[in-house]
Amino acid sequence: MNENAMRGLPAVHRLLSDPTVAGFEPSLGHEAVKAIAQGALERARAAILAGQHFDLERTLLADLENAAAAQLQPVVNATGILVHTNLGRAPLARAALDAAARIGAGYSNLEFDLGEGQRGSRYERVGARLARLFGAQDALVVNNCAAAVLLLLDTFARNRECIVARSELVEIGGGFRVPDVLERSGARLVEIGTTNKARLADVERALSPRTSLLLRTHRSNFSLAGFVEDLDSRELAALAQRSGVLLVEDLGSGALLDMTAFGLPRERTVAEALAEGVAVVAISGDKLFGGPQCGMLLGSTLALGRMRGNPLLRALRVDKTTLAMLDATARLHESDATRLEIPLYAMLSASIDELRRRGEAIVARIGQGRIVATRAAVGGGALPGATMDSVAIAIEESDADPFARRLRQARPPTIARIEEGRVLFDLRSVLPDEDAALADAIAASL
Ligand SMILES: *Cc1c(COP(=O)(O)O)cnc(C)c1O
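Definitions and limits used
- Residues numbered from 1 in each chain as written.
- Predicted model: local features only at pLDDT ≥ 70, side-chain atom pairs only at ≥ 80, totals over all residues.
- Heavy atoms only, no water.
- Helix = DSSP H or I, 4+ residues; strand = E, 2+ residues; numbered from the N terminus.
- Contact = heavy atoms within 4.5 Å.
- Lys, Arg positive; Asp, Glu negative; His and termini not counted.
- Charge placed at Lys NZ, Arg CZ, Asp CG, Glu CD.
- Phe/Tyr/Trp six-rings, centres within 6.5 Å; stacked < 30°, edge-to-face > 60°.
- Buried < 20%, exposed > 50% of the residue type's maximum accessible area, 1.4 Å probe, protein only.
- Lys NZ or Arg CZ within 6 Å of the ring centre and 35° of its normal.
- Near = heavy atom within 4 Å.
- Polar contact = N/O pair within 3.5 Å; in protein donor to acceptor, adjacent residues only side chain to side chain.
- Axes fitted to C-alpha atoms, helices over the stretch in contact; angles between N-to-C directions.
- Parallel < 35°, antiparallel > 145°, perpendicular 65-115°, else oblique.
- Left-handed = near helix turned anticlockwise from the far one by under 90°.
- Domains from an automatic or database assignment.
- Salt bridge = Lys/Arg side-chain N within 4 Å of Asp/Glu carboxyl O.
- 1 Å grid on protein atoms, 1.4 Å probe; cavity = no way out; pocket = protein on both sides within 12 Å on 5 of 7 lines; lining within 4 Å.
- Points joined across faces, edges and corners; volume = space filled by probe spheres on them.
- Nonpolar A, V, L, I, M, F, W, Y, C, P; charged D, E, K, R; others polar.
- Pairing = 2+ DSSP bridges.
- Arc of directions from axis to C-beta.

Draft legend 1. Examining the overall build of the protein chain more closely. Helices and strands together make up the secondary structure of the protein chain, namely 20 helices and 15 strands. For the protein chain, the spread of C-alpha atoms along the principal axes amounts to about 90 × 50 × 50 Å. Contacts spanning at least 24 positions in sequence make up 73% of the contacts within the protein chain whose residues lie at least 6 apart. Once the 51 positive and 55 negative side-chain charges of the protein chain are each reduced to a mean point, those two points are 3 Å apart.

Written as structure tokens, this is what we have:
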């Protein structure tokens, strides 16, 4: 009986020639499909030896589907969270992708001065553009904002003291905690104030001959309300200057412009922070900037010069495609009209009428759901709690969770939001050219 069952198992090459199995090769590659088939066969043999029933075909298909779903692939973001860290943050502009292809496909003058015929700086070009754009003296680019903060602390606070308000002593996500990073750089963290209040007098009392940094951090991923008092950057900058210490700020998202233009709350811009006297700010490239993952350091030539001299910079540097994408995105920010070519800004500025029209077209196509008003969020630790008007397709499902699961397994995988038992597809975070795919994914999952 066992032997018959064992003999009945197909050879690997037979499994691989099955059209359904072979259909996974374009997405997974031949070797991965073969390894999965071999794994399923081994489990079938073990089950037969143990006298158990084993459905080889079903197991193999499930394994292949799981492996295909685990591949890095595009998804439709219908959560209404525009800068969604788990979904890859900012979608890139066409011009940025073209620039990456143009520079990435061949050689470039990345670190070569074409005029002098000798070694040049990889950061100079984009640095000058970013400095102009943000109104900073100088700019430097590293791998992400966490790396920018690391470089700041390592350069200025190593074996010195760094003053941080307890109300800003944050974990910025992914386990990156300011106190831990400080400890690694050999700096001593000096906490001031309480959870809800920090005053200039607290900072004055904490200053010592060993103090080198005053660090401020944007409360990107939480907010304080009620009995709250914050430090004033101008006063703090004046104190820093008088005491010969450096005031630096992790702005996280880093608004380039006044976001009230998009119906969002007022957010201090990078230029404002610098004008208030902050010596260096650190921001992310793939949050409100709408560009590739990177960290930008903006501020005084003197402070940035010290960071350029830190050997750690070598380990945090960005590659040519990132620089090409960053430069192209920065160019689009140079005028209000071209900024709308950055997908994040196209989504931020889409009108309610436009979102409603798109929603109605999808509802007409799938013959289900209704259009509801909702609130979308910038997300990604940008503007905590800030939401803006949006439009969603609402689908009533008695059991929303299995529906959401089917949507995640649809092609393309679609991530919706469950609210009060309804499944919402927020159109503000869906790119307009994904509408047809969204409609198909919903229809297939109903
Ligand atoms: C998001 C965020 C970071 C981390 O930025 P990455 O670019 O993801 O490294 C750091 N600080 C603040 C305040 C943030 O909001």
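Draft legend 2. The packing of aromatic side chains, seen in detail. Here the structure, examined in full by the defined rule, presents three aromatic pairs. Note on Phe403 and Phe425: the rings are 6.4 Å apart at their centroids and 75° apart in plane angle, and the pair reads as edge-to-face. Within this pair, whereas Phe403 is found in helix α19 (residues 400-408), its partner Phe425 is found in strand β15 (residues 422-426), the two being separated by 22 residues in sequence. Assigned by exposure class, Phe403 and Phe425 land together as buried. When the ring centre of Phe227 is taken as origin, the NZ or CZ atom of Lys197, which lies over that ring, is 3.6 Å away. The ring of Tyr345 is capped by Arg339, whose NZ or CZ atom sits 6.0 Å from the centre of that ring.

Draft legend 3. Focus on the site of the ligand. The local shell around the ligand holds twelve residues, among which Ala146, Ser220, Asp250, Ser284 and Lys287 are the closest. Note that an oxygen atom of the ligand is positioned 2.9 Å from one of the backbone N or O atoms of Cys145. Here Ser284 contributes a side-chain N or O atom positioned 2.5 Å from an oxygen atom of the ligand. At the level of secondary structure, the elements contributing two or more residues to the shell around the ligand comprise α9 (145-157) and β8 (246-252).

Draft legend 4. Representation of the packing of helix α18 (residues 352-366) against helix α20 (residues 435-445) within the structure. The N-to-C vectors of α18 and α20 enclose an angle of 40°; their axes lie 10 Å apart at closest approach. On the basis of the axis angle, α18 is oblique to α20. The interaxial crossing formed by α18 with α20 has right-handed handedness. Judged by residue contacts, Arg358, Ile362, Arg365 and Ile366 of α18 engage Asp435, Ala436, Leu438, Ala439, Asp440, Ile442 and Ala443 from α20.

Draft legend 5. Main features of the domain arrangement of the protein chain. Here the domain parsing of the protein chain yields domain 1 (2-69), domain 2 (76-89 + 343-445) and domain 3 (94-335). Taken over C-alpha atoms, the centre of domain 1 sits 51 Å from the centre of domain 3.

Draft legend 6. Representation of the pattern of salt bridges. By the definition in use, this model includes 31 salt bridges. With its nearest N and O atoms 2.6 Å apart, the salt bridge here joins Asp327 to Arg129. Note that Asp327 is positioned in helix α15 (residues 320-332) and Arg129 in helix α8 (residues 124-134), a separation of 198 residues in sequence. Neither residue differs from the other here; Asp327 and Arg129 are each classed as buried. As a salt-bridge pair, Asp336 and Arg339 come within 2.8 Å of each other at their nearest N and O atoms.

Draft legend 7. Inspection of empty space enclosed by the protein at higher detail. Applying the stated criterion to the full structure yields one cavity of 30 Å³ or more. The space that makes up the largest cavity amounts to roughly 50 Å³. Broken down by secondary-structure element, the contributors of at least two residues to the lining of the largest cavity are β5 (161-165) and β7 (211-217). For the lining of the largest cavity, a count of residues per class yields nine nonpolar, no polar and two charged.

Draft legend 8. A look at the sheet that holds strand β10 (residues 295-299). One open sheet accounts for seven strands, arranged β4-β10-β9-β8-β7-β5-β6; its pairing is mixed. Each having just a single partner strand, β4 (138-142) and β6 (188-192) make up the two edges of the open sheet. On average, adjacent strands in this sheet sit at an angle of 25° to one another, irrespective of strand direction. When β8 meets strand β9 (residues 280-284), the two strands line up parallel, connected through four bridges.

Draft legend 9. The arrangement of unusual backbone geometry in detail. Of note, the bond from Arg411 into Pro412 is cis; its omega dihedral lies within 30 degrees of zero at -5°. A positive phi is found at Asn159, a non-glycine position, where the angle reads about 55°. Here Asn159 shows up in the loop between α9 and β5. Positive phi is not limited to glycine here, since Glu420 has a value of about 50°.

Draft legend 10. Representation of helix α12 (residues 233-243) within the structure. Every buried residue belonging to α12 is among Ser233, Leu236, Ala237, Leu239 and Ala240, and all of these are buried. All buried residues of α12 fall inside an arc of 165° around its axis, so they share one side. Exposed side chains of α12 directed beyond 90 degrees from the buried face belong to Arg234, Gln241 and Arg242. Here α12 starts with a cap whose side-chain oxygen sits 3.1 Å from the backbone nitrogen of Arg234, and that cap is Asp232.

Draft legend 11. Geometry of the side chain of Glu161. Tracing the sequence through the fold places Glu161 in strand β5. The class for Glu161 is buried, based on a relative accessible area of 4%. With sequence-adjacent residues up to four places away left out, Glu161 is seen in contact with Arg188, Val190, Ala206, Ser208, Arg210, Thr211, Ser212 and Leu213.

Draft legend 12. Representation of the pairing of β15 within the structure. Burial of β15 is extensive: five of the five residues sit out of reach of the surface. A two-sided burial pattern is seen for β15, the buried positions comprising Arg422, Leu424 and Asp426 on one face and Val423 and Phe425 on the other. Of the strand pairs in this sheet, strand β14 (residues 417-419) and β15 are connected by three bridges, and their pairing is antiparallel. Each residue of the ladder has a partner; that of Ile418, found in β15, is Val423. In textbook terms, the turn of a hairpin is the stretch between consecutive antiparallel strands, and for β14 and β15 this stretch comprises two residues, one of which, Glu420, has a positive phi near 50°.

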